[in-house]
Amino acid sequence: MAEKQGIDWSSLWKKDEWMAVWWGFLIIILVLVGVPVKTPSLKWTTDGEFAGLVQKATPTVEKLAKDAEQKGEKAVEEKAKALLGAMSKGERAAIGKAAKDLEAAAKEAKDSGIKKRASDLGKNLGGQAGNLTSKVFSWDNIWRAIQIGIAYLILSIIAIALMGERVGAFIPGFVVVFVIAWISQFLAGNYTIREYGLEYPLWCLALGLFISNVLGVPGWLKAAVKTEFFIKTGLVILGSGILFTEILQAGAYGIVQAVLVVATIWYFTFWVAKKMGLDDEFAAILSSGVAICGVSAAIATAGAVKGDPKKLSYVTSIVLICAIPMLVGQPLIAKGVGMPDVVAGAWLGGTLDTSPSVVAAGALISETAMKTGVIVKMSQNVLIGVAAFILSIIWAFKKTEGLPEGEKPGLIEIWYRFPKFVLGFMIASVIFSFFLDPKVVSATKGALAGLRTWWFAMAFACIGLEARFKELAGLGGGRPALAFVIGQGVNILWTLLLAYLLFGGILFPAPKL
């Protein structure tokens with residue numbers, strides 16, 4: 001018989017998963033009560049990149065000016081022509097000002113199509129014009145990063161002390177981990193790199209792997225490698241951005257496609273991975289990365305099943321690498337075969353792994369494709385929390401398999417095995433979905449997203465610092481990569497079929513977006 005255990009209240013401050021919940025909640029509360037948070041801007045566009053963007057956007061602005069004239073939108077027409085004049089001269093500051101004027105004029109437009117096109121054009125060109133390297137390295141911007149670093153260091157020191165670990169050895173290593181996170185976000189912030197979807201987790205892993213495999217990780221740095229604490233804290237904050245209400249906004253077609261894609265592809269990929277000899281946790285992380293939404297889903301699943309960080313690193317890397325040919329190739333296929341825009345958008349939203357990549361790929365086709373893709377992607381994103389919660393329960397019970405009937409643990413033991421960060425994640429998601437004013441949610445969204453990104457960046461830097469090239473390359477002997485490719489291939493075909501059935505007017509009337 002299993003011995004009955006009393007409640008160990010000290011786990012509330014001695015376990016990293018509980019500390020992650022408390023610190024995640026603390027950060028969310030501080031942002032909600034109005035503590036000013038200014039995250040650093042790490043997006044930058046070189047003059048050469050901006051000149052190429054201007055050249056590419058010129059025909060679009062010319063068409064907008066012409067269409068605005070035909071529809072009597074005088075203000076938009078004038079501002080579009082002024083923008084064209086600035087673009088012809090090539091002065092970046094002047095182009096940025098003219099673009100912002102166009103965005104302002106769009107607010108007064110009566111025609112919804114003109115309004116949206118003018119707003120998006122003005123916002124994009126104006127934003128890129130202001131993404132200067134000099135701003136990234138300005139003292140004000142660097143000081144914002146330092147403030148976040150100091151705040152996170154203090155929170156981490158308190159957590160480390162409460163968990164009974166050495167604080168002195170942690171501090172110098174934390175500085176290195178934070179610097180790696182900053183450099184990674186800086187590299188990922190470049191315009192061209194963003195266009196190719198090479199996001200910050202890949203750079204964090206790459207820099208961490210370089211240090212661990214080429215330079216070596218000294219003992220004082222190892223003390224700051226707190227992958228579990230960093231990643232779980234970020235996941236609790238992530239809950240504030242996963243809104244169940246977005247499913248309702250996405251519409252019936254998006255909901256149906258998201259559920260059918262996630263359920264079918266997750267189980268298929270899991271089955272393939274198991275047939276190839278992968279263990280359950282590796283198969284689960286891999287399946288979530290394919291079926292739900294890439295990196296975020298893989299992170300949440302790894303936490304839910306308490307997976308090996310090396311396996312998460314592997315899945316994250318392959319997700320980001322495979323996203324590049326998909327981002328470029330799928331829009332070309334859609335346009336090449338004459339796919340309806342709404343169908344193409346639903347296809348992109350169901351297969352590409354991040355919202356920015358869906359927006360970028362959809363924009364290569366049309367406004368309708370981009371809008372449809374975002375709607376479908378929102379539906380899939382919300383399923384992260386649902387999947388993590390279900391997997392947490394399954395894995396908690398899974399650990400009891402094989403025990404004699406008399407030794408099977410009760411509900412209290414299952415509770416001990418349940419990953420507590422998932423509870424924090426779900427509580428945050430429910431509160432932000434149903435109990436807070438949408439205006440408050442919208443006002444705090446950017447700050448919370450920026451803050452959680454720093455936790456995730458530090459976590460991925462730590463994963464890289466812990467891993468060895470030989471271990472990653474030899475992990476599963478290539479079988480995980482093959483399972484991923486097979487799962488993603490079926491995902492592309494299955495989602496395309498559903499997109500035609502649901503959005504192509506075959507089963508239901510085609511939606512007008």
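Above: the structure in question.
Quick notes on the rules
Residues numbered from 1 in each chain as written. Predicted model: local features only at pLDDT ≥ 70, side-chain atom pairs only at ≥ 80, totals over all residues. Heavy atoms only, no water. Salt bridge = Lys/Arg side-chain N within 4 Å of Asp/Glu carboxyl O. Helix = DSSP H or I, 4+ residues; strand = E, 2+ residues; numbered from the N terminus. Buried < 20%, exposed > 50% of the residue type's maximum accessible area, 1.4 Å probe, protein only. Core = buried A, V, L, I, M, F, W, Y, C linked by side-chain atoms within 4.5 Å. Phe/Tyr/Trp six-rings, centres within 6.5 Å; stacked < 30°, edge-to-face > 60°. Lys NZ or Arg CZ within 6 Å of the ring centre and 35° of its normal. Expected span 1.5 Å × (residues − 1). Bend = angle between axes of the 7 residues up to and from the residue. Polar contact = N/O pair within 3.5 Å; in protein donor to acceptor, adjacent residues only side chain to side chain. Contact = heavy atoms within 4.5 Å.

This model, assessed by the stated rule, comprises 14 salt bridges. K74 is paired through a salt bridge with E77; the nearest N and O atoms lie 4.0 Å apart. Pair noted here: K74 and E77 are both in helix α4 (residues 74-89), with a separation of three residues, about one helical turn. Under the relative-accessibility criterion, E77 is labelled buried at 7%. The shortest N-O distance in the salt bridge between E77 and K81 comes to 2.8 Å. With E77 and K81 both in helix α4, this residue pair falls four residues apart, about one helical turn.

Moving on, we come to the nonpolar core. Side chains of nonpolar character tend, in soluble globular proteins, to be buried together. Counting 111 residues, the largest nonpolar core has Y152, F174, V177, F230, W454, W455 and M458 as the members making the most contacts within it. Broken down by element, this core gets its largest block of residues, 15 residues, from helix α23 (residues 438-466). Membership of the second largest hydrophobic core comes to 26 residues, among which are A57, A65, A86 and A118.

This paragraph deals with the packing of aromatic side chains. Tallying each qualifying case throughout the model produces 19 aromatic pairs. Centre to centre, the rings of F268 and W271 are 6.2 Å apart; their planes meet at 35°, and the pair counts as tilted. Of this pair, F268 and W271 both sit in helix α14 (residues 245-275), three residues apart, which is roughly one turn of the helix. Taking the relative accessible area as the measure of exposure, F268 reaches 25% and is therefore partly exposed. An aromatic cluster of at least three residues, connected via ring pairs, comprises Y152, F170, F174, F178, F229, F230, W454 and W455. The positively charged end of R92 is found above the aromatic ring belonging to F50, 4.9 Å away from the centroid.

Before going further, it helps to examine α23. With 29 residues, α23 extends 41 Å between its outermost C-alpha atoms, agreeing within 8% with the 42 Å of an ideal straight helix rising 1.5 Å per residue. Of all the bends in α23, the greatest, near 40°, is centred on K445. Where α23 begins, the capping side chain belongs to D437, and its oxygen is found 2.8 Å from the backbone nitrogen of K439.

For A300, the location among the structural elements is in helix α16 (residues 295-304). Here A300 falls in the buried class, since its relative accessible area comes to 3%. Taking the C-alpha atoms as reference points, A300 and V236, 64 residues apart in sequence, are found 9.8 Å from one another. Every residue in contact with A300, bar those within four places of it in the chain, is listed here: L235, I384, A388 and F421.

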